[in-house]
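Examining the three-dimensional arrangement
Chain residues, written in single-letter form:
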Amino acid sequence: MELVFATNNAHKLEEVRQILGDRFTVLSLKEIGCTEDIPETGDTFQDNALQKARYVKEHYGYDCFADDTGLEVKALDGAPGVHSARYAGNHDSEANVSKLLHELEKKSDRSAQFRTVVALLLNGQEVLFEGIVTGRIGTERHGDGGFGYDPVFIPDGYDVTFSEMPPESKNLISHRGRAVRKLADYLKLL
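Residues numbered from 1 in each chain as written. Predicted model: local features only at pLDDT ≥ 70, side-chain atom pairs only at ≥ 80, totals over all residues. Heavy atoms only, no water.

Attention now goes to the pattern of salt bridges. Taken as a whole, this structure holds 12 salt bridges when the rule is applied. Two residues, lysine 12 and aspartate 67, come together in a salt bridge whose shortest N-O distance is 3.2 Å. Taken as a pair, lysine 12 in helix 1 (residues 10–20) and aspartate 67 in strand 3 (residues 64–73) lie far apart in primary sequence, 55 residues in all. Note on accessibility: lysine 12 and aspartate 67 belong to one class, buried. Three or more residues are tied together by salt bridges with common partners; here these are Lys12, Glu15, Asp67, Asp150, Lys170 and Arg176. (Salt bridge = Lys/Arg side-chain N within 4 Å of Asp/Glu carboxyl O. Helix = DSSP H or I, 4+ residues; strand = E, 2+ residues; numbered from the N terminus. Buried < 20%, exposed > 50% of the residue type's maximum accessible area, 1.4 Å probe, protein only.)

So this is what it looks like as structure tokens:
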């Protein structure tokens, strides 16, 4: 089965391809000739994921799936949330992590969760899948793997950040991994 993943993020694309394996051919936006920035103006992860998937279907004609992912920090009332990628500017991971660490300097509660919503548009149907992983924000960056907030996110039950984990270990427990496995399970039933 061939599906478009509405992303230009090489890290996300690689993660999803690893999770879905050889049963599915996952094409990126670049591979279908989509080079424009797809709008993400929704108020929720669901809104943004659906907006991106609908855009690809409407403008390029492909069945596809899209995700929206964010970090929700309890002490910051759920921020950065839906604005995670643009928390300190325009998709600058280093600046986002620095801002997050600065805002948590005097906070004792560092609990957080990553949330991913995947929207699938297939054969005229829209289906949503959600994945959540809980954890906490460390006080400094650790590791050189992963991307985004991975160097400071320590999942519950672990004493290392996502950046310190091998990709296959992270994918087993990550928010995106959980949502994409639900997507894969759904696709297998078709």
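Anyway, onward from the coordinates.
So, about the side chain of aspartate 63. Mapped onto the elements, aspartate 63 comes out in the loop between helix 2 (45–60) and strand 3. Here the side chain of aspartate 63 touches lysine 57 through a polar contact of 3.2 Å, side chain to side chain. When near neighbours in sequence (up to four residues on either side) are disregarded, aspartate 63 contacts Leu3, Val4, Lys57, Leu121, Leu122 and Asn123. (Polar contact = N/O pair within 3.5 Å; in protein donor to acceptor, adjacent residues only side chain to side chain. Contact = heavy atoms within 4.5 Å.)

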